[in-house]
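Coordinate inspection notes
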Amino acid sequence: MHTRQATVTALPLRGTSAVARPARAGVRLEVTRRGRMLVTAIAFLLGLAVAALVLLVLDVPSALAGDGADGERTVIVAAGDDLWSYADLYAPEGMSDADFVTEVRALNELPTPRLTQGQEIVLPAADPAGR
């Protein structure tokens, strides 16, 4: 008759902590390639979020858009105004009135040089002091 011996391992009781093992000397933890990519991606996304927040708070997009200094001016047509009167006022120096009227018609896609009161038109190269 053979008898077997059983080995019994003591388990910690509930509410008590297991015995802490001392750290192994000379063992370093290294981040894997996947871990490095994850940390890089998280840092990049955080940087984008901070940059977007700064742009929104400081209202930088409107500053980058400019103030319309490209020479174009939008006007609303008053009663009795026509393209030739705008040419007298706003045509840049060296541009003939006829060329200015042609450019305004092309810019605003006007089939005729007739204007209607209240109509909004874009005038190129605004320079009222230049004439």
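Residues numbered from 1 in each chain as written. Predicted model: local features only at pLDDT ≥ 70, side-chain atom pairs only at ≥ 80, totals over all residues. Heavy atoms only, no water.

Together, Val50, Leu53, Val54, Val57 and Leu58 give the surface a local cluster of nonpolar side chains, amounting to about 490 Å² of exposed area. Here valine 54 is to be found in helix H1 (residues 33–58). (Patch = residues over 30% accessible without salt bridge, like charges linked within 9 Å, V, L, I, M, F, W, Y side chains within 5 Å. Areas by Shrake-Rupley, 256 points an atom, 1.4 Å probe, with all protein chains shown as cover. Salt bridge = Lys/Arg side-chain N within 4 Å of Asp/Glu carboxyl O. Helix = DSSP H or I, 4+ residues; strand = E, 2+ residues; numbered from the N terminus.)

Taken as a whole, this structure holds 1 aromatic pair when the rule is applied. A centroid spacing of 6.2 Å and a plane angle of 35 degrees characterise the contact between tyrosine 86 and tyrosine 90, whose relative ring orientation is tilted. Of this pair, tyrosine 86 and tyrosine 90 both sit in helix H3 (residues 83–90), 4 residues apart, which is roughly one turn of that helix. For tyrosine 86, a relative accessible area of 5% corresponds to the buried category. (Phe/Tyr/Trp six-rings, centres within 6.5 Å; stacked < 30°, edge-to-face > 60°. Buried < 20%, exposed > 50% of the residue type's maximum accessible area, 1.4 Å probe, protein only.)

On the secondary structure map, serine 96 appears in the loop between H3 and helix H4 (97–108). Within the local environment of serine 96, its side chain forms a polar contact with the side chain of aspartate 99, the two groups lying 3.1 Å apart. (Polar contact = N/O pair within 3.5 Å; in protein donor to acceptor, adjacent residues only side chain to side chain.)

Helix length check: H4 (12 residues) gives 16 Å between terminal C-alpha atoms against 16 Å at 1.5 Å per residue, within 8%. Within the sequence span of H4, burial applies to Phe100, Val101, Val104 and Asn108. Looking down the long axis of H4, one finds its buried residues gathered within 100 degrees of arc, a one-sided arrangement. Of the residues in H4, the exposed ones pointing more than 90 degrees away from the buried face are Thr102 and Ala106. (Expected span 1.5 Å × (residues − 1). Arc of directions from axis to C-beta.)

Judged by nonpolar contacts, the single largest core of 14 residues is most densely connected at Leu83, Tyr86, Phe100, Val104, Leu115, Ile121 and Leu123. Mapped by element, the contributors of at least two residues to this core are H3, H4 and strand E2 (120–123). If sequence neighbours within four positions are ignored, leucine 115 has contacts with Val77, Asp81, Asp82, Leu83, Tyr86, Leu110 and Ile121. (Core = buried A, V, L, I, M, F, W, Y, C linked by side-chain atoms within 4.5 Å. Contact = heavy atoms within 4.5 Å.)

Next up on the list: the side chain of asparagine 108. By the secondary structure assignment, asparagine 108 is in helix H4. Asparagine 108 sits in the buried class, given a relative accessible area of 19%. At 2.8 Å, the side chain of asparagine 108 and the backbone oxygen of valine 122 are in polar contact. Setting aside chain neighbours within four positions, we find asparagine 108 in contact with Ile121 and Val122.

Moving on, we come to the confidence of the model for the chain. Confidence in the prediction for the chain averages 81 pLDDT; 77% of positions are at 70 or higher. Mean pLDDT across the elements of the chain ranges from a minimum in helix H2 (residues 60–65), with 65, to a maximum in H1, with 92. Counting interchain partners and residues more than four positions distant, the pLDDT-below-50 stretch residues 126–131 has 15 contacts. (pLDDT = per-residue confidence, 0-100.)

Moving on, we come to unusual backbone geometry. Of note in this structure, glutamate 109 is not a glycine but carries a positive phi near 55 degrees. With respect to the secondary-structure elements, glutamate 109 resides in the loop between H4 and E2.

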